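Chains, contacts and geometry: an overview
Below, each chain spelled out in residue letters.
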Amino acid sequence: MTTCEDPSGYRPEDEDEFMDILEERRRSSDLGHALRTFTPSPYKGAPPLSAGALNRTVLESQYLRYVTKEVAMETGESVDLVREEASGILEEMSQNLQLGFIRLLGFTLSKVFKRLFSHININQEGLNRLQQAIQESPVILMPNHRSYVDFLVLSYILFTYDLPIPVIAAGIPLMDMKMVGEILRRSGAFFIRRTIGSDKLYWAVLSEYVKTIVRTGYAPVEFYVEGLRSRTLKSLTPKLGMMHMVLEPFFKGEVYDIRLVPISISYDRVLEESLLAHELLGVPKPRETTMGLLKARRVLEEDYGSMHVYFGMPLSVRQLTKGRVDRCEYNLLPRDLPHRPSVETQECVSWLAQQVIRVQEQNSILSPWSLMACLVLQGHQNTDPGEEQEKGLSWELLTQKTLWLKGLAISFGARLDWPDQLPEIQVMASSMALHRSVIRCRRGRVTLLEEEEGPVGAGPFTTEEGVVRRARAVLMVAAYRNQALHVFIRPAMLALAVHTTQGSRREDIYSSFRFLLDLFSNDFIFITGRSSQDFEEACSLLRKCGAVQTSQQEVTSPEEGQSTTSFLRALLQPFIDAYQVVFSHLCVEEVEVFTERQMVPAVRSLATKLLLSGELKSYEALSSDTQKNVLSALLRLGAVTRPRTAEHGEFRANKPAIRRLADTLAGRLPVQTAPNPRL
């Protein structure tokens with residue numbers, strides 16, 4: 001199986017076998033499982049430390065004493081008052097891990113998981129590696145974030161296999177849920193405000209709390225490097241605040257090494273799939289409440305298929321950063337004083353975060369539905385509104401193309417959950433049945449199932465409402481396609497570069513490829529400094545399947561490879577369309593200074609008009625996440641700026657620069673400037 005080159009030297013372990021953690025639970029007592037002896041082996045250097053003692057260590061630290069005095073001087077308040085405020089922040093934030101509540105959660109989750117999932121598959125060898133790593137170094141668990149179930153299932157697995165329960169960074173809205181917040185706190189969750197801003201004292205308390213846990217080896221720390229739950233089910237740009245905190249004890253020489261453990265959680269079906277689609281279309285996310293949780297119990301009546309949890313190879317920070325960071329800079333200042341990391345350190349932390357996400361992607365397990373979703377959406381995009389029942393995609397053609405795509409995905413290094421012992425038609429039919437809320441097969445034609453009825457008592461919906469209903473179905477299916485995009489994205493960008501570049505010069509095609517990497521690097525995660533390797537990897541994969549031919553001077557696409565390159569370009573088309581819609585909106589005369597809150601509904605309105613007129617085929621252009629990614633890309637590329645004199649959150653469009661990007665993306669202009677050197 002072909003895999004991608006990796007700066008850490010890491011390779012997915014193909015010999016790893018999965019086992020179903022629910023199999024034993026279905027055969028034995030859940031109460032016995034919850035009450036059994038729990039004897040985890042902690043970090044060998046960790047002193048016994050209670051949650052209260054941990055908090056006292058944080059409050060009495062020289063670092064927090066220094067910051068407390070600084071804040072007192074800046075605000076004019078007394079040091080004692082600021083210390084009291086810091087104590088209150090820590091009390092609000094800190095976890096209070098208790099075994100009794102872990103047992104309660106273990107019993108409850110056994111019941112819930114057996115209702116929701118047919119299987120929860122984990123790699124045993126990964127658990128063995130994790131167990132060893134926990135005893136040797138402070139460990140940071142870094143799962144991807146696709147569902148609220150993520151952190152529950154990880155603690156459940158570690159409890160089941162006698163591994164130390166992690167302390168988990170959680171959003172503060174979960175703390176406000178009656179009873180649930182306290183159960184989570186006593187199960188290891190510590191709560192972080194969503195917006196901290198320039199609150200110096202809060203930053204100091206949070207960072208010292210996290211660093212104390214790491215340097216003492218109190219427990220494994222678990223956090224999401226993406227920061228937020230992905231509403232599109234693809235990887236998000238990493239957030240680096242927590243990453244800096246957990247790594248600082250290593251940079252300061254307070255611990256010998258730290259192990260980062262990428263964890264890939266893959267779902268056949270996500271519990272929140274409909275909610276995610278509505279959020280992308282502008283429906284506000286409901287507030288997390290205990291009553292909302294109780295009302296959501298109807299999800300227990302649904303089938304969500306299988307979940308795969310892959311514990312990746314623990315990554316040694318010491319080995320990965322060798323030659324990248326000069327830790328001597330930390331020897332020049334007292335360890336207990338605040339120290340702004342150097343540019344070199346910031347770049348290294350960013351690179352490590354990208355590295356973790358890349359490994360998460362490599363180890364994710366694709367369901368048959370993820371492959372089918374790629375093809376269903378491409379068929380849907382070629383169908384005009386109102387004609388889907390007559391057109392759609394024939395089941396026979398979908399079967400044929402899915403089996404072809406299965407072979408292509410495997411040749412590109414994908415990990416598939418495709419039962420070899422079952423007939424392929426049965427595997428596909430089962431996958432479709434699992435997603436019957438959004439897909440149907442009638443008279444041999446496969447079509448998306450839209451919301452056909454509004455609220456009780458509501459009249460007929462307008463044409464604009466019809467667009468939203470259609471978009472909801474598209475975005476739900478697109479989320480599962482997105483789970484597979486990391487497998488195809490580099491070959492797809494090469495296929496697009498070959499298609500849009502005038503001529504076949506390798507140098508020109510590479511320039512176009514780098515332009516695409518740079519433009520789309522807010523939608524897809526690329527490791528800094530690897531554009532050349534990404535290009536060579538894409539060439540190798542497409543050459544292997546006969547889609548391109550390469551020499552030292554040229555890259556060409558032969559006729560027999562057109563079906564492959566057409567499919568790959570079509571994967572990128574929804575993103576291209578979404579970017580062009582945002583470009584068009586920002587280039588109109590009326591748009592000068594704007595905010596994100598103004599831009600998103602305006603772009604959604606423009607996309608709706610274009611969809612109704614038939615000028616736009618992709619309903620994914622309505623996705624607010626993609627629109628925000630376009631804005632981030634334009635800001636990064638200098639085509640949008642933040643005026644110094646403007647109010648907070650305002651942007652100014654550089655229309656000529658945006659038009660150049662639009663023309664270059666469409667192939668009307670060659671790549672004229674050197675792409676971002678960081679690639």
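Criteria and thresholds
Residues numbered from 1 in each chain as written. Predicted model: local features only at pLDDT ≥ 70, side-chain atom pairs only at ≥ 80, totals over all residues. Heavy atoms only, no water. UniProt positions renumbered as here; feature names shortened; annotations may be inferred. Helix = DSSP H or I, 4+ residues; strand = E, 2+ residues; numbered from the N terminus. Contact = heavy atoms within 4.5 Å. Areas by Shrake-Rupley, 256 points an atom, 1.4 Å probe, with all protein chains shown as cover. Buried < 20%, exposed > 50% of the residue type's maximum accessible area, 1.4 Å probe, protein only. Pairing = 2+ DSSP bridges. 1 Å grid on protein atoms, 1.4 Å probe; cavity = no way out; pocket = protein on both sides within 12 Å on 5 of 7 lines; lining within 4 Å. Points joined across faces, edges and corners; volume = space filled by probe spheres on them. Nonpolar A, V, L, I, M, F, W, Y, C, P; charged D, E, K, R; others polar. Phe/Tyr/Trp six-rings, centres within 6.5 Å; stacked < 30°, edge-to-face > 60°. Lys NZ or Arg CZ within 6 Å of the ring centre and 35° of its normal. Axes fitted to C-alpha atoms, helices over the stretch in contact; angles between N-to-C directions. Left-handed = near helix turned anticlockwise from the far one by under 90°. Expected span 1.5 Å × (residues − 1). Salt bridge = Lys/Arg side-chain N within 4 Å of Asp/Glu carboxyl O.

In the nomenclature of an unreviewed UniProt entry, the protein chain corresponds to Dihydroxyacetone phosphate acyltransferase isoform X2 from the organism Salmo salar. Quoted verbatim from the Sequence similarities (unreviewed entry) field of UniProt, the annotation for the protein chain is "Belongs to the GPAT/DAPAT family." We quote the UniProt Subcellular location (unreviewed entry) comment for the protein chain here in full: "Membrane".

1. Structural notes on the overall build of the protein chain
Secondary structure assignment for the protein chain yields 27 helices and 19 strands. The long-range fraction of contacts in the protein chain, counting pairs at least 24 apart against all pairs at least 6 apart in sequence, stands at 78%. Here the protein chain has roughly 29500 Å² of accessible surface; of this, 52% comes from carbon and sulfur atoms.

2. Side note on the pairing of strand β7 (residues 259–267)
For β7, the tally of buried residues reaches 8 of 9 residues, placing the bulk of the element in the interior. Judged from the 5 bridges that link them, strand β3 (residues 139–143) and β7 form a sheet pairing that is parallel. Paired with Ile-140 across the strands is Leu-260, a residue of β7. Where β7 and strand β9 (residues 315–316) come together, 2 bridges link them in antiparallel fashion. Considered in β9, the bridge of Leu-260 is made with Leu-315. Here 5 bridges tie β7 to strand β8 (residues 306–311), and the two strands are oriented antiparallel to one another. The residue bridging Ser-266 from the neighbouring strand is His-308, located in β8.

3. Considerations on empty space enclosed by the protein
Taken as a whole, this structure holds 10 cavities of 30 Å³ or more when the rule is applied. What the largest cavity holds in volume is close to 260 Å³. Looking at the largest cavity, it is lined by 21 residues, and the ones nearest its centre are Lys-234, Ser-235, Glu-361, Gln-483 and His-486. If you tally residues by element for the lining of the largest cavity, the top one is helix α21 (residues 485–500), at 4 residues. Taken together, the residues of the lining of the largest cavity sort by class into 8 nonpolar, 8 polar and 5 charged.

4. Some points on the packing of aromatic side chains
This model, assessed by the stated rule, comprises 17 aromatic pairs. On the numbers, 5.5 Å between centres and 90° between planes, the contact of Trp-404 with Phe-567 is edge-to-face. Linking Trp-404 in helix α18 (residues 395–411) with Phe-567 in helix α24 (residues 562–586), this pair joins segments that are 163 residues apart in sequence. When its relative accessible area of 33% is taken as the criterion, Trp-404 is described as partly exposed. Where Phe-520 meets Phe-524, the ring centres are 6.4 Å apart and the plane angle is 65°; that geometry is what we call edge-to-face. Here the basic side chain of Arg-324 rests over the ring of Trp-351, its NZ or CZ set 3.7 Å away from the ring centre.

5. Let's talk about the packing of helix α13 (residues 273–280) against helix α20 (residues 463–482)
Put simply, α13 and α20 touch, their axes get as near as 9 Å, and they point 115° apart. In this structure, α13 crosses over α20, and the sense of that crossing is right-handed. Contact with α13, carried on its side by Glu-273, Ser-274, Ala-277, His-278 and Leu-280, involves Arg-472, Leu-475, Met-476 and Tyr-480 of α20 and no other residues of that element. The class makeup of the residues in the contact of α13 with α20 is 5 nonpolar, 2 polar and 2 charged.

6. A word on the sheet that holds strand β11 (residues 393–394)
Reading across from one edge, β11-β14-β13 is the order of the 3 strands in this open sheet, with antiparallel pairing throughout. The sheet is open, and its two borders are formed by β11 and β13 (439–442), each paired with just one other strand. Across 4 bridges, the pairing between β13 and strand β14 (residues 445–448) is antiparallel. Residue pairing across strands places Arg-440 opposite Thr-447, the latter belonging to β14.

7. Structural notes on helix α6 (residues 99–116)
Since the α-helix advances by 3.6 residues per turn, residues separated by three or four positions end up pointing in the same direction. Taking 1.5 Å of rise per residue, the 18 residues of α6 would be expected to cover 26 Å, and the 25 Å separating its terminal C-alpha atoms lies within 8% of that figure. All buried positions along α6 are accounted for by Ile-102, Arg-103, Leu-105, Gly-106, Leu-109, Ser-110, Phe-113 and Leu-116. Those residues of α6 hidden inside the fold are in contact with α1 (21–27), α2 (30–35), β2 (119–123), α8 (149–160) and α10 (180–185).

8. A short note on the sheet that holds strand β19 (residues 650–653)
Read from one edge of the open sheet, 3 strands run β17-β19-β18, paired in antiparallel fashion. Where the open sheet ends on each side, the last strands, each with one partner, are β17 (593–595) and β18 (640–641). Across 2 bridges, the pairing between β18 and β19 is antiparallel. By the bridge assignment for β19, Val-640 is matched with Ala-653. Lying over the sheet, helix α25 (residues 596–613) contacts β17 and β19, oriented at roughly 85° with respect to β17.

9. A look at the pattern of salt bridges
Working definition: two side chains of opposite charge can pair if their charged atoms are close together. Counted according to the given criterion, the structure contains 38 salt bridges. Here Arg-36 makes a salt bridge to Asp-162, at a shortest N to O gap of 3.3 Å. Note that Arg-36 is positioned in the loop between α2 and α3 (51–59) and Asp-162 in the loop between α8 and β4 (167–171), a separation of 126 residues in sequence. Overall, the relative accessible area of 21% leaves Asp-162 in the partly exposed class. Arg-481 is paired through a salt bridge with Glu-620; the nearest N and O atoms lie 2.7 Å apart. A residue pair is termed long-range when its members are at least 10 positions apart, and Arg-481 in helix α20 and Glu-620 in the loop between α25 and α26 (624–637) qualify at 139 residues. Within this structure, Arg-25, Asp-30, Lys-111 and Lys-114 form a network of salt bridges that share partners.

10. Describing the environment of Phe-38
Looking at the secondary structure, you find Phe-38 in the loop between α2 and α3. The class for Phe-38 is buried, based on a relative accessible area of 14%. For the pair Phe-38 and Thr-160, spaced 122 residues apart in sequence, the C-alpha to C-alpha distance is 8.6 Å.

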